[in-house]
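Results of the structural survey
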Amino acid sequence: MPRIQPRPIPADLETTLRADGFSTLEARLYAARGILGKAELEHDLARLLPFTSLKGIVEAAKRLADAIARSERILIVADYDADGATACAVGLKGLGMLGATIDFVVPNRFEYGYGLTPEIVELAAQKLPDLILTVDNGIASVAGVLAAKARGIDVLITDHHLPGDHLPDALIVNPNQPGCTFPSKNLAGVGVMFYVLMAVRAEMRQRGVFGDQPEPNLGQLLDLVALGTVADVVKLDTNNRILVEQGLKRMRAGRACAGVLALFTAAGRDPRRATCFDLGFTLGPRLNAAGRLDDMSLGIACLLAGSESGALPLAQELDQMNRARRDIEAGMRDEAEAILTTVNVDDAWSISLYQADWHQGVVGIVASRVKDRFHRPTLVFADGGEGEIKGSGRSIPGLHLRDALDLVSKRHEGLILKFGGHAMAAGLSLRTEDFGRFQQEFEAVCRELMPSSALERIIETDGALPEESYNMDIVTKLDSQVWGQGFPAPRFHDEFRVLEQRVVGERHLKVKLATRFGLVLDGIRFQHADPLPATVTAVFSISINEFRGERTLQLQLDHCE
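So, here is what we can say about the structure in this document. The structure displayed is predicted, hence computed values, not measured ones.

1. Brief notes about the nonpolar core
Judged by nonpolar contacts, the single largest core of 122 residues is most densely connected at Met251, Val260, Ile300, Tyr470, Leu555 and Leu557. At eleven residues, helix α7 (residues 189-206) tops the list of elements feeding residues into this core. Setting aside residues up to four positions removed in sequence, Val260 forms contacts with Asp223, Leu224, Leu227, Met251, Leu283 and Leu303. Grouped together as the second largest cluster of nonpolar side chains are 23 residues, Trp349, Val408, Ala426 and Met450 included.

2. Section: the pattern of salt bridges
One pass over the structure, following the stated rule, counts 36 salt bridges. Where Arg207 meets Asp66, a salt bridge forms, and the shortest distance between an N and an O atom there is 2.8 Å. With Arg207 in the loop between α7 and α8 (222-231) and Asp66 in helix α3 (residues 57-69), this residue pair connects regions lying 141 residues apart in the sequence. Owing to a relative accessible area of 25%, Asp66 belongs among the partly exposed residues under this scheme. Of the charged contacts, one joins Arg507 and Asp334 as a salt bridge, the two residues approaching to 2.9 Å between their closest N and O atoms. Taken together, the residues Arg507 in the loop between β13 (492-504) and β14 (508-514) and Asp334 in helix α13 (residues 308-340) connect sequence positions 173 residues apart. Judged by relative accessible area, which is 39%, Asp334 ranks as partly exposed. One continuous salt-bridge network, built from bridges that share partners, spans Arg7, Arg33, Glu460 and Asp462.

3. Describing the side chain of Thr282
Residue position: Thr282 is located in helix α11 (residues 276-293). Residue contacts for Thr282: discarding those within four places in its chain leaves Ala267, Arg269 and Phe277.

4. Focus on the packing of aromatic side chains
This model, assessed by the stated rule, comprises twelve aromatic pairs. Aromatic side chains Phe182 and Tyr195 sit 5.3 Å apart centroid to centroid with 80° between the ring planes, which places their arrangement in the edge-to-face category. In this pair, Phe182 is assigned in the loop between β6 (171-173) and α7 and Tyr195 in helix α7, connecting sequence segments 13 residues apart. The exposure class assigned to Phe182 is buried, which follows from its relative accessible area of 1%. For the ring pair Phe277 and Phe281, a centre distance of 5.0 Å and an interplane angle of 25° mean the geometry is stacked.

5. As for the pairing of strand β11 (residues 425-431)
Successive residues of a regular strand alternate their side chains across the two faces of the sheet. Strand direction decides the pairing type here: strand β9 (residues 388-394) and β11, joined by seven bridges, are antiparallel. Residue Gly393 lies in a different strand from β11, and its bridge partner there is Ala426. Of the pairings in the sheet, the one linking strand β10 (residues 416-421) to β11 comprises five bridges and is antiparallel in character. Counted as the bridge partner of Ile416 is Leu430 from β11. In sequence, β10 turns back onto β11 through a hairpin of three residues.

6. Looking at the sheet that holds strand β4 (residues 131-135)
One open sheet accounts for five strands, arranged β3-β2-β4-β5-β6; its pairing is parallel. Bordering the open sheet on either side are β3 (101-105) and β6, each of which pairs with just one other strand. Strand after strand, the sheet turns through a mean of 20° between neighbouring axes, direction not considered. The sheet contact formed by strand β2 (residues 73-77) and β4 spans four bridges and is parallel. When the sheet's bridge partners are listed, Leu75 is paired in β4 with Ile132.

Parameters and conventions
Residues numbered from 1 in each chain as written. Predicted model: local features only at pLDDT ≥ 70, side-chain atom pairs only at ≥ 80, totals over all residues. Heavy atoms only, no water. Core = buried A, V, L, I, M, F, W, Y, C linked by side-chain atoms within 4.5 Å. Buried < 20%, exposed > 50% of the residue type's maximum accessible area, 1.4 Å probe, protein only. Helix = DSSP H or I, 4+ residues; strand = E, 2+ residues; numbered from the N terminus. Contact = heavy atoms within 4.5 Å. Salt bridge = Lys/Arg side-chain N within 4 Å of Asp/Glu carboxyl O. Phe/Tyr/Trp six-rings, centres within 6.5 Å; stacked < 30°, edge-to-face > 60°. Pairing = 2+ DSSP bridges. Axes fitted to C-alpha atoms, helices over the stretch in contact; angles between N-to-C directions.

Shown next as structure tokens:
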């Protein structure tokens, strides 16, 4: 049973924030998240960290400015998730605004796998590029860069993933590369690409390229930057919150690109009330569906569409793909949970699952769902063809997943064919016959690297929501804030009486609840159809539900006991 634990609130910081003009609830929430003052919640673009401390960015800007001046053919090699798709669109639009001759390829994950591989270089070479520009990949592409150079093609890498032991022989812009002093290590791939564009524009300004003409407004790309940043679940530090808030402002003002507006329409959401929830749980999954089930070229085409009428059919196709993805995911999750009924998960420190007929594009989502339910680092594999299986993993606080895989790889040479990723998410491939051995070695490494306390699931909350805060204005204000990874949205816990309950959509529980002080509210518990007792202690978030033009407060129940 998880343990509910209120977030610690530094009393002196809470007092300071109240003196700074914040309400009692705001001061409590922001103090618990380490906000020192109003300045950290001011999201003006002028407060963005300057690009100059990104290692390699000045050289990269000069190389791209030279390519533009010489009308060289630039080819973007993108990744197939939402971050890669938005980074690709930002690169194409931004460099196009700066006068570049530019095109792109995005690998089909089922044919080529991830990153700038020699096979992708061969595909890219058909477009006769002078310069390959990677977005959201490339930091591990040592062989791919060598293959490009052998063909006389220059490579410029923009990425944010953690590097391996050896770096490719290329120009690199990545805040996580050795020797980079950029204060924020949390830029998404799309954020890195946006920074590169700012540097290129500055270089071209210095060269006098623009003359008396107005410079391209890169701010119009911030809706895409916001979408990719939230969808990639990077930490929303102060710098990322600025990028996201500026993108949300464009959406709310109706100034988002046609593709983003079309995604809102296809999802039945109103961009005038755009929130981080929309980006992470509505638009992001629809965009990701293309890369998971088919080809991310469809998603990129939607983001590049010149009109909403042109983008809407593409967004609707993405919506249908996402519905299919949800069905596939539900079946895989049920099968995974059936497998886990045959083992004692409480005695395990990790979970590794494989079935040959599982869908390769959905294993990451299933890993996330299993991890959430059992609170164990989880890896889920599917058949990858040619005697290999491909897996995706999600971790819990206490285990750096990429480092754990690196340790397995170093101790058992050849066991892992390829791997890469972050602290909390990673991907890898194995020989099919090595799954059992890997399962044992990964379990051993998890036992070595994780303290046993990490296996206890702790649900942090912001305590009880005061009676006066069950208020449309307060909830609207909270909804409009930039919340996300590393800056968690407010979550409360309290006791409720359950007045009504019924299952909707086969998997979700719709409830009517009464608070301790008699207020009656609607609630929803996603992915749980089991009935609740007459009285529950619930961990919940509060938001505004809009249905048929009526706006009401709704509680989303994350945990009940």
